[in-house]
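Here is what each chain is made of, one letter per residue.
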Amino acid sequence: MSQTSITDVETYIVANPWKPWVFVQLETDAGVTGLAEATTHDKPRTVAAAIEEMSSYFIGKDPFDTEQIWLEMYRDEWFSKNVINTTVCSAVDMACWDIKGKLLDKPVYELLGGKVHGDRLRAYANGWYTDADGQPEGFARAAKRVVDDGYDAMKFDPFSTAWQRMSKKELNHSVDIVRAVREAVGPDVDLLIEGHGRFTAGQAVDVARKLDEFEPTWFEEPCPPDSINSLGEVADKSPIPIATGERHMTKHDFFELVTRTDVDIVQPDLMNTGGVTEGKKIAGIAEADHVSFAPHNPQGPVATAIYAHLCATVPNFMIQEVFQTYDVEWVDDLLQEPVSVQDGHVHIPDGSGYGIELDMDMVEEHKYSEDHVHTINLFEKDWETRQLN
């Protein structure tokens, strides 16, 4: 096969109301394009500009050289481990893997070692409780709907906007929310408790002990990600398994997590931590210490397809986060053939590359601008941003 070169890059920002989606497409001189997603929090134009500014790292390069491209983009940027830089690295890497698959006429999962979990992956629902009004009965009502929709696992944040510590009244209210959800869905549904990095280590341990009676599957990101010591203390003392990693960047952070703490589940966000190349290494680091792999994915439909291909090949894969069932009503229309999420499972797309393509008419219809994002008041934005990620 003659050498293929990347010739150009295009970015498309789509007006998801609470976190605009950034889609990336690399073009090649072989006439094949590679698709990726580069969504972060509230900085879509910053990411799009950074992709253009860093294009000298990948324009003219062979998309098969993913290790070299990733190394140079990460190594040669002075402040390499910041989320904008690692998101650009991720997007370019993921698009290159799509190109590889298309040129070889193989799905990406075959290039990564093949499926080890069959044709579909167990998923948990997120984004389902925006109408719960922060009340136990609202959460219970919404949780029943999730079970009716075919899920047997769901994630939620019962802590409102708590920071560092909670009053007894606030903590009791959070406990009441978890109790209401457990009573609503029964004993066989996995409840994944989201902490959003809110608490001191001592408060997080207290929260975990009070929630233990409801048998949560995990307590996610109980402490801010900037203190590995706090995470280690909570993981050591919590009766609930600890999951974390959505705000950790690259294999270096995850090596520290796995070797210095007793966290039970790592949750890299492939959009931000380094893409497919880095994601596979992170999964391997976790597997070596028998730590489960459950990637963070509050992103768009392109991300869901990419995650499905990677997770299909990861022996220590546990479960995949999806928002698709409770996202904007037009989410499935953004892809020519949407990723199927049915009965609480993500079906792995077939076809070469990731097996997906954008519907450019829908991308244009929902093109991002400040006046095209649905109007939501500050409370709703705070709820959706802090509660759902």
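Residues numbered from 1 in each chain as written. Predicted model: local features only at pLDDT ≥ 70, side-chain atom pairs only at ≥ 80, totals over all residues. Heavy atoms only, no water.

Engineer: Describe the environment of Asp-157, with residues and values.
Structural biologist: Its place among the elements puts Asp-157 in the loop between β5 (153–156) and α6 (168–185). Residues Asp-157 and Ser-80, spaced 77 residues apart in sequence, show a C-alpha to C-alpha distance of 31 Å. Reaching out from Asp-157, the side chain makes a polar contact with the backbone nitrogen of Phe-159 at a distance of 2.7 Å. At 2.4 Å, the side chain of Asp-157 forms a polar contact with the side chain of Arg-198. (Helix = DSSP H or I, 4+ residues; strand = E, 2+ residues; numbered from the N terminus. Polar contact = N/O pair within 3.5 Å; in protein donor to acceptor, adjacent residues only side chain to side chain.)

Engineer: For the pairing of strand β6 (residues 190–194), give the residues involved together with the corresponding values.
Structural biologist: In terms of residue burial, β6 counts as a mostly covered element, since 4 of its 5 residues are buried. Strand direction decides the pairing type here: β5 and β6, joined by 4 bridges, are parallel. Residue Met-154 lies in a different strand from β6, and its bridge partner there is Leu-191. Note: β6 against strand β7 (residues 218–220), 3 bridges, orientation parallel. Across the sheet, the residue bridging to Ile-193 is Phe-219, located in β7. One crossover worth recording links β6 to the parallel β7 by way of helix α7 (residues 201–211), and it is right-handed. (Buried < 20%, exposed > 50% of the residue type's maximum accessible area, 1.4 Å probe, protein only. Pairing = 2+ DSSP bridges. Right-handed = clockwise from strand over helix to strand, strands pointing away.)

Engineer: For the packing of helix α2 (residues 66–75) against helix α3 (residues 83–104), give the residues involved together with the corresponding values.
Structural biologist: With their axes 10 Å apart at the nearest point, α2 and α3 run at an angle of 170° to one another. Relative to α3, the element α2 is oriented roughly antiparallel. α3 is crossed by α2, and the crossing has right-handed handedness. Across from Thr-66, Ile-69, Trp-70, Met-73 and Tyr-74 in α2, the residues of α3 making contact are Asn-85, Thr-86, Val-88, Cys-89, Val-92, Asp-93, Cys-96, Trp-97 and Lys-100. For the contact of α2 with α3, the class distribution of residues is 9 nonpolar, 3 polar and 2 charged. (Axes fitted to C-alpha atoms, helices over the stretch in contact; angles between N-to-C directions. Parallel < 35°, antiparallel > 145°, perpendicular 65-115°, else oblique. Left-handed = near helix turned anticlockwise from the far one by under 90°. Contact = heavy atoms within 4.5 Å. Nonpolar A, V, L, I, M, F, W, Y, C, P; charged D, E, K, R; others polar.)

Engineer: Can you explain the packing of α3 against helix α11 (residues 275–288)? Please cite residues and give values.
Structural biologist: The contact between α3 and α11 brings their axes to 6 Å, and the two run at 95°. Our classification of the angle between α3 and α11 gives roughly perpendicular. On α11, the residues that touch Ser-90, Asp-93, Met-94 and Trp-97 of α3 are Gly-275, Val-276 and Thr-277.

Engineer: Would you mind going over the nonpolar core in detail, with residue names and values included?
Structural biologist: General note: in soluble globular proteins, nonpolar side chains tend to be found buried as a group. In this structure, Phe-58, Trp-128, Phe-156 and Phe-219 are the most contacted members of the largest nonpolar core, which totals 120 residues. With 10 residues, the top contributor of residues to this core is α3. Other than its neighbours up to four places away in sequence, Trp-128 contacts Phe-139, Ala-142, Ala-143, Arg-145, Val-146, Met-154, Lys-155, Phe-156 and Tyr-326. By size, the runner-up hydrophobic cluster in this structure holds 8 residues, among which are Tyr-124, Ile-265, Ala-294 and Ile-319. (Core = buried A, V, L, I, M, F, W, Y, C linked by side-chain atoms within 4.5 Å.)

Engineer: Talk me through the sheet that holds strand β3 (residues 33–37); I want residue IDs and the actual numbers.
Structural biologist: Pairing in this open sheet of 3 strands is antiparallel, and the strands run β1-β2-β3 from one edge to the other. Both outer strands of the open sheet, β1 (6–14) and β3, are each paired with one neighbouring strand and no more. Across the sheet, the mean angle separating the axes of adjacent strands is 20° when strand polarity is ignored. Inspection of the sheet shows β1 paired to strand β2 (residues 21–28) by 8 bridges, in the antiparallel sense.

Engineer: Can you explain the confidence of the model for the chain? Please cite residues and give values.
Structural biologist: Mean pLDDT over the chain stands at 93; residues scoring 70 or higher make up 94%. Low pLDDT, under 50, characterises residues 374–386; the stretch is placed with 25 contacts to residues that sit more than four places away or in other chains. (pLDDT = per-residue confidence, 0-100.)

Engineer: Please set out the state of the cysteines residue by residue, giving values where relevant.
Structural biologist: By the definition in use, this model includes 0 disulfides. For Cys-96, which is in no disulfide, the shortest distance to another cysteine sulfur is to Cys-89 and amounts to 11 Å. For Cys-96, a relative accessible area of 1% translates into the label buried. (Disulfide = S-S within 2.5 Å.)

Engineer: Kindly report on a negative patch on the surface, identifying the contributing residues and their values.
Structural biologist: A cluster of acidic residues, Glu-329, Asp-332, Asp-333, Asp-361, Glu-364 and Glu-365, forms a negative patch at the surface. If you trace the backbone, Glu-364 turns up in helix α13 (residues 360–365). Relative accessible area serves as the criterion here: at 52%, Glu-364 is assigned to the exposed category. (Patch = residues over 30% accessible without salt bridge, like charges linked within 9 Å, V, L, I, M, F, W, Y side chains within 5 Å. Areas by Shrake-Rupley, 256 points an atom, 1.4 Å probe, with all protein chains shown as cover. Salt bridge = Lys/Arg side-chain N within 4 Å of Asp/Glu carboxyl O. Lys, Arg positive; Asp, Glu negative; His and termini not counted. Charge placed at Lys NZ, Arg CZ, Asp CG, Glu CD.)

Engineer: Requested: an account of the environment of Thr-200, with residues and values cited.
Structural biologist: Looking at where Thr-200 falls in the secondary structure, it is placed in the loop between β6 and α7. You can call Thr-200 buried: its relative accessible area is 18%. As a C-alpha pair, Thr-200 and Gln-164 span 36 residues in sequence and 5.1 Å in three-dimensional space. Not counting residues up to four positions away in its chain, the partners in contact with Thr-200 are Gln-164, Arg-165 and Cys-223.

Engineer: Explain the side chain of Thr-277 residue by residue, including any values.
Structural biologist: Residue placement: Thr-277 occurs in helix α11. Among the polar contacts made by the side chain of Thr-277, one reaches the side chain of Asp-93 at a distance of 2.4 Å.

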